[in-house]
Amino acid sequence: AVVVLGGGIFVFAANSSSGRDNPTEVFLEPADSVGEDPFINLLKTPVPTVVLANDLLPKDLKAGTASLAGGTVGLYGGTLNDTQCDREQIITFLTQNPDHAKAWASVQNITVAQIPAYIRTLTPVQLRLDTRVTNHGYTNGTANPLQSVLQAGTAVLVDRNGVPRARCACGNPLLPPQPTTNTTYTGKAWDGFDEAALVRVTPNNTAVEAFVLHDAKTGKLFTRPVGTDGEQDAPLGAVSPKTTTPTTSAFTPGTATVTSAAATSSTDAVTTSSTDPEPPGTTGATTTQRPTTTQRPTTTSRGSVTTTTEAPTTTVAPTTTEAPAGRGVEAVVTAAGLGPAAGAEVTALSPVPGGGVVLATRRGELVQVDAGGTTELFVLRAADGEPGGVAVGPDGVLYVSVGRGLLAVDGGAATLVIDAADEDMGPTPGHVAVAPDGDVYVADVDTNRILRLTTAGADAGDVDVVAGTGQPAPSDEPTGDGEPADEVAIGAPVGLTIDPDGTLWFLDGTTRTVRTVSLVDDGELATVSGAGDTPLESAGTYADDGTAAGDLAFGTVDGIAARPGGGVYVTDAASGAIVSLVDGIATVVAARNAGQSAADGVPMNRSSVRALGAVAADDTGAVWFRDATAVRVIDR
């Protein structure tokens, strides 16, 4: 093949007969072609123009090293209220062609029955940079992996973490690229192709609620909500500012009572009531709380975090009405003081001792929400960018991951305690967790590693690797169980938590599994859930409570939080569920119930959750999670 680079002609090795057994070969796929071995021909021409996003590339870019998170603003382009992709055509084709469907599903590690629901969670966008992927062509009933470069302008479907999952012009399933050595490029290069300016897209550290796309026609940015086809596109900027008015909130047994920003008043009393009407023909019992008057709690400060002690409350006796028994817990509500776009703004949550959470927003705000209301603790520098994770240490210090490493926020000052450059970390900030002994763990999504910062003793300040080798996972199936975790190539760790026993739990975004590392013993790696054959959700039906955790198959893995009593909560945005994993048993705690209410104060068995992301469980038993439009809480 002949590739033209910067005016010079570089001649690479000639093609092999098939090109599929040569691990050094990378196929060039122009935007205006269907490429190698298409599943279906859905090419639409002419291909809309895109403005290259070269400003997103690192200044010191070297060949094959550029990684960008899937939620990066402007990484993708498109046309306002229009797309080059027809998801329903792909679904129809695969439905009518079982052999193609079986091959397609095998790539994405889902069942054939899950294909329609899965594709409808994907979002159509256009690449703005030449992008490395593992493409899969259809030949002889199988999906054959092809290391490929997709030209900028190519229309693709991306998942909730921004990773390309299918090519629109041909329906071919896509996965992240695999490394190659002595690379040769097969195919005719397009004008401007430069092997030193290729990128790979890594999973965003949190599920994206709306992609911020660049419109080449107008030169302006616009938003496209996840899983939509352009009909809900909106110009960027229609986000309400964060309220600065203090709010109050209180928790009473069996309910979750948090005021919304719109209901804020200057008094210390808050009221809440259920407005969701009883569905006809229901049985069982639920409690509707009458207005509650609450005194301000007392507070003490530790580090940057305020710990709350409840003051006595005066409560009017509740009234009881009939409601259905069923899955879930008592109530789910919207958290206070964060504005209507709070859900989309929040990137991470961490529990606070005594109840409540600290959350990080895309604007770099660190905010505490608890029974004392909403308190802004710190604002990161604009240059630090979007924080990826936050965790509260036992001494109240906040640990926050940003592009340049890990910050410790204490007493109004932020100190860099892990320098990303020193540890060869990637640019995508990952999730953070603090162990009972105070050591801090941070996920490096780009290099597929989990790092540990020792905070006490003779080794204080040392950083070591506890999981991952720096190489990508060798397959879509988890490997290395029973081996030392730092000797196993894991997938992108997109979630992280540590339970009270000192076990590190993480979400492997590549294999969509929940895995653990024993920190108190020998660092052994284990897979707990996600590698089974029982879909968490299929055609609107959820796996039965009591299903063995090892039998589950997740749609996506998006958030994880340790339960105070042991086990974890996991959010699956694609399946629309929060799952509890305890002692090897899975239980659906909250789910996307079609036609049900997302209003405050609704019993969980009649509630609906949407676009799930980060999750946290505080020591009172309350479960906090990021939803499509708010941070919400389930009071257990």
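Residues numbered from 1 in each chain as written. Predicted model: local features only at pLDDT ≥ 70, side-chain atom pairs only at ≥ 80, totals over all residues. Heavy atoms only, no water.

A.B. asks: Please clarify how the packing of aromatic side chains should be interpreted in this entry.
C.D. replies: Here a ring pair, both rings aromatic, is described through the centre-centre distance and the interplanar angle of the planes. In total, this model carries five aromatic pairs according to the counting rule given. Between the aromatic rings of W104 and Y118, the centroid separation amounts to 6.3 Å while the plane-to-plane angle is 65°, which identifies the pairing as edge-to-face. In this pair, W104 is assigned in helix α2 (residues 98-108) and Y118 in helix α3 (residues 115-119), connecting sequence segments 14 residues apart. Here the two residues W104 and Y118 agree in accessibility, since each one is buried. Taking the centre distance of 5.4 Å and the plane angle of 70° together, the rings of Y185 and F193 count as edge-to-face. Accessibility assignment for this pair places Y185 and F193 in one class, buried. (Phe/Tyr/Trp six-rings, centres within 6.5 Å; stacked < 30°, edge-to-face > 60°. Helix = DSSP H or I, 4+ residues; strand = E, 2+ residues; numbered from the N terminus. Buried < 20%, exposed > 50% of the residue type's maximum accessible area, 1.4 Å probe, protein only.)

A.B. asks: What is the right way to look at helix α1 (residues 87-96) in this model?
C.D. replies: Along α1, the positions that sit buried rather than exposed are R87, I90, I91, F93 and L94. The buried residues of α1 occupy an angular sector of 165° when projected down its axis, which confines them to one face. Opposite the buried face of α1, by more than 90 degrees, sit the exposed residues T95 and Q96. Considering only its buried residues, α1 is in contact with α2, α3 and β9 (155-158). Of the residues flanking the start of α1, the one acting as N-cap is D86, its side-chain oxygen 3.1 Å from the backbone nitrogen of E88. (Arc of directions from axis to C-beta. Contact = heavy atoms within 4.5 Å. Polar contact = N/O pair within 3.5 Å; in protein donor to acceptor, adjacent residues only side chain to side chain.)

A.B. asks: Before we go on, may I ask you to explain the sheet that holds strand β36 (residues 449-453) in this structure?
C.D. replies: Each strand in a sheet pairs with its neighbour through backbone hydrogen bonds, running either in the same direction (parallel) or in the opposite one (antiparallel). One open sheet holds the four strands; their spatial order is β34-β35-β36-β37, and the pairing between them is antiparallel. In this open sheet, the two strands that pair with only one neighbour each are β34 (432-434) and β37 (463-467). Adjacent strand axes in the sheet meet at a mean angle of 30° when their direction is disregarded. Bridge count between β36 and β37: four bridges; the pairing is antiparallel. Across the sheet, I450 pairs through a bridge with A467, a residue of β37. (Pairing = 2+ DSSP bridges. Axes fitted to C-alpha atoms, helices over the stretch in contact; angles between N-to-C directions.)

A.B. asks: Is there a simple way to explain the state of the cysteines in this structure?
C.D. replies: What we call a disulfide is simply a covalent bond connecting the sulfur atoms of a pair of cysteines. In the structure shown here, the tally under the stated rule is one disulfide. In this model C85 forms its disulfide with C168; the gap between the sulfur atoms is 2.2 Å. Disulfide C85-C168: the torsion about the S-S bond is -95°, which places it as left-handed. Highlighted residues: C85 in the loop between β5 (76-78) and α1 and C168 in the loop between β10 (164-167) and β11 (174-175), separated in sequence by 83 residues. The exposure class assigned to C168 is buried, which follows from its relative accessible area of 2%. Here C170 is not cross-linked by a disulfide; its sulfur's nearest cysteine counterpart is in C168, at 8.8 Å. For C170, a relative accessible area of 0% puts it in the buried group. (Disulfide = S-S within 2.5 Å.)

Don't take any of this as a statement about function, it's just geometry.
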